[in-house]
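# Chains, contacts and geometry: an overview
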Amino acid sequence: MTNDDIPNLTAFDDAALDKAFGAVEQQAKSDAAAIDGPQAVEAFRLRWLGRKQGLLKEISTRWLKASPVEARKPVGERFKTLQALVEGLLEQSSVTGPTDAALAAEAIDITLPGTRRLTGAEHPITRTLNEITRVFAALGYSVGVGPEVETDFYNFESMNFPPGHPARDTQDTLVVANQDRRPLRDRLLLRTHTSPVQMRTMESQPPPVRIIIPGKVHRNDAQDATHSPIFHQVEGLCVDSNITFSDLKGTLDHAMKALFGSSVKTRFFPSFFPFTEPSADVQISCIFCGGNGCRKCKNSGWIELLGCGMVDPAVFAFAAQKQPAYDPKKISGFAFGMGAERIAMMKYGISEIGQLYAGDMRFLGQFV
Ligand code: DAH
């Protein structure tokens, strides 16, 4: 039944009215019976009670308004009854809600296995950076950060790599183009190590300093199984009065035991870094063979893991330009730096550095 199916009434006697209203009521009842869900309830409401196009509106126009004066009352009464019926039907179906058929269509089989949601997890590099940071945080170190796009001054000069010094060749990197008019010290490059954050930290606060600096660094190194042009380091710096080499040894020995297990031993070998004097490379007893010698440690029983040393007085002199308290005659300190990928690869038995960057879920899923 559409609006056009509502006939104009030609007779207004009781019998004619009963017949006309009766047909419409039947229709309303069968419409209501067919309701099978919330959408059908709304469709029923629109079809019958819609303000502009609803069937009741049409009936009111054609039958009520068009009726002769003497028929107004009987038509009006029947119209009210019809309206009450339709509203009642609507209310009933809204309350009753969807029919069994509609429910069955929406039902889920709770015996089927559910959809597993992937849980995120820390990337092994992030996890390693955090683990190292936590070990030093427990010793009272705070966490420092610095820019990845760094000036020549912070990356090299203030770390005691003078312009033209061959030590710079060991840390080649990408430099920002078209800076020839700037003084060398202001030219921008991608930092080759986290060491410049040592200087930024000292410039911003007087001693004592105990800071641990995790971060991303860049080098012009060809990618191979153990090298990547982008990698991560953790830098440490401790400055106070009377800091000695034995403080450095004690701190790093403790940190290596905390990271790799209490049976790990450390040993210190003379080395060179421009910003430390004396400098040392730290080796730990091989965590794979316990120091007996195996393929991983090339049968030496030892694995080289990080660089360190006592802060060079020349570095303090740069810091003292902004913070006079960094007077090498009054204070001393040690610094160290380690590669996060190398440590992650050892801890988790990863043989290809590229796996850490490939974003392959079959690899990453092992760390959930
Ligand atoms: N910056 C050095 C590098 O990238 C690592 C390093 C060695 C940092 C010794 C230090 C240190 O602070 O004392 O090769």
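Keep in mind the model is a prediction, meaning the values are calculated, not measured.

## Focus: the site of the ligand
Residues in contact with the ligand amount to 16 residues; listed here are only the nearest, His193, Ser195, Arg219, Gln233 and Glu235. Ser195 has a polar side-chain atom sitting 3.0 Å from a nitrogen atom of the ligand. At 2.8 Å, a side-chain N or O of Gln233 approaches an oxygen atom of the ligand. Here the ligand loses 91% of its free accessible area of 350 Å² to cover by the protein chains. Sorting the residues of the shell around the ligand by element identifies strand 5 (230-240), strand 8 (302-311) and strand 9 (332-339) as the ones contributing at least two each. Tallied by class, the residues present in the shell around the ligand amount to 5 nonpolar, 9 polar and 2 charged.

## Topic: the packing of aromatic side chains
Here the structure, examined in full by the defined rule, presents 14 aromatic pairs. Between Phe153 and Phe318, the ring centres sit 5.7 Å apart and the planes meet at 75 degrees, which makes this aromatic pair edge-to-face. Taken together, the positions of Phe153 in helix 7 (residues 152-155) and Phe318 in helix 10 (residues 313-320) put the pair 165 residues apart, joining distant regions of the chain. Per residue, the accessibility class of Phe153 equals that of Phe318, and both read buried. Relative to Phe275, the ring of Phe273 has its centre 5.8 Å away and its plane inclined at 25 degrees; by these criteria the two rings are stacked.

## Overview of the domain arrangement of the protein
As far as domains go, the protein holds domain 1 (12-105) and domain 2 (124-367). Inter-centroid distance (C-alpha atoms) of domain 1 to domain 2 is 82 Å.

## A short note on the environment of Val176
Along the chain, Val176 falls in the loop between helix 7 and strand 3 (188-190). For Val176, a relative accessible area of 37% corresponds to the partly exposed category. Taking C-alpha positions, Val176 is 5.6 Å from Leu189, a pair spaced 13 residues apart along the chain.

## Structural notes on the pattern of salt bridges
Throughout the structure, instances matching the rule amount to 13 salt bridges. A salt bridge links Glu42 to Arg45, with the shortest nitrogen-to-oxygen separation between them at 2.8 Å. Placement of the pair is Glu42 and Arg45 together in helix 2 (residues 38-49), with a separation of 3 residues, close to one helical turn. Its relative accessible area of 36% is what places Glu42 among the partly exposed residues. One salt-bridge network, in which partners are shared between bridges, spans Asp14, Asp18 and Arg78.

## Regarding helix 10
Within helix 10, the full set of buried residues consists of Val315, Phe316, Phe318 and Ala319. Seen end-on, helix 10 carries its buried residues on one side only, within an arc spanning 155 degrees. Its buried side turned inward, helix 10 meets helix 7, helix 8 (196-204), strand 5, strand 8 and strand 9. Its side-chain oxygen placed 2.8 Å from the backbone nitrogen of Ala314, Asp312 serves as the N-cap of helix 10.

## Notes on unusual backbone geometry
Along the chain, Pro207 connects to Pro208 via a cis peptide bond; the corresponding omega equals 5 degrees. Along the polypeptide, Pro208 turns up in the loop between helix 8 and strand 4 (209-218). A cis geometry characterises the amide bond from Glu277 onward to Pro278, with omega recorded as -5 degrees. Mapped onto the fold, Pro278 is located in strand 7 (residues 276-285). A positive phi is found at Asn160, a non-glycine position, where the angle reads about 70 degrees. Asn160 sits in the partly exposed class, given a relative accessible area of 22%.

Basis of the calculations
Residues numbered from 1 in each chain as written. Predicted model: local features only at pLDDT ≥ 70, side-chain atom pairs only at ≥ 80, totals over all residues. Heavy atoms only, no water. Near = heavy atom within 4 Å. Polar contact = N/O pair within 3.5 Å; in protein donor to acceptor, adjacent residues only side chain to side chain. Areas by Shrake-Rupley, 256 points an atom, 1.4 Å probe, with all protein chains shown as cover. Helix = DSSP H or I, 4+ residues; strand = E, 2+ residues; numbered from the N terminus. Nonpolar A, V, L, I, M, F, W, Y, C, P; charged D, E, K, R; others polar. Phe/Tyr/Trp six-rings, centres within 6.5 Å; stacked < 30°, edge-to-face > 60°. Buried < 20%, exposed > 50% of the residue type's maximum accessible area, 1.4 Å probe, protein only. Domains from an automatic or database assignment. Salt bridge = Lys/Arg side-chain N within 4 Å of Asp/Glu carboxyl O. Arc of directions from axis to C-beta. Contact = heavy atoms within 4.5 Å.

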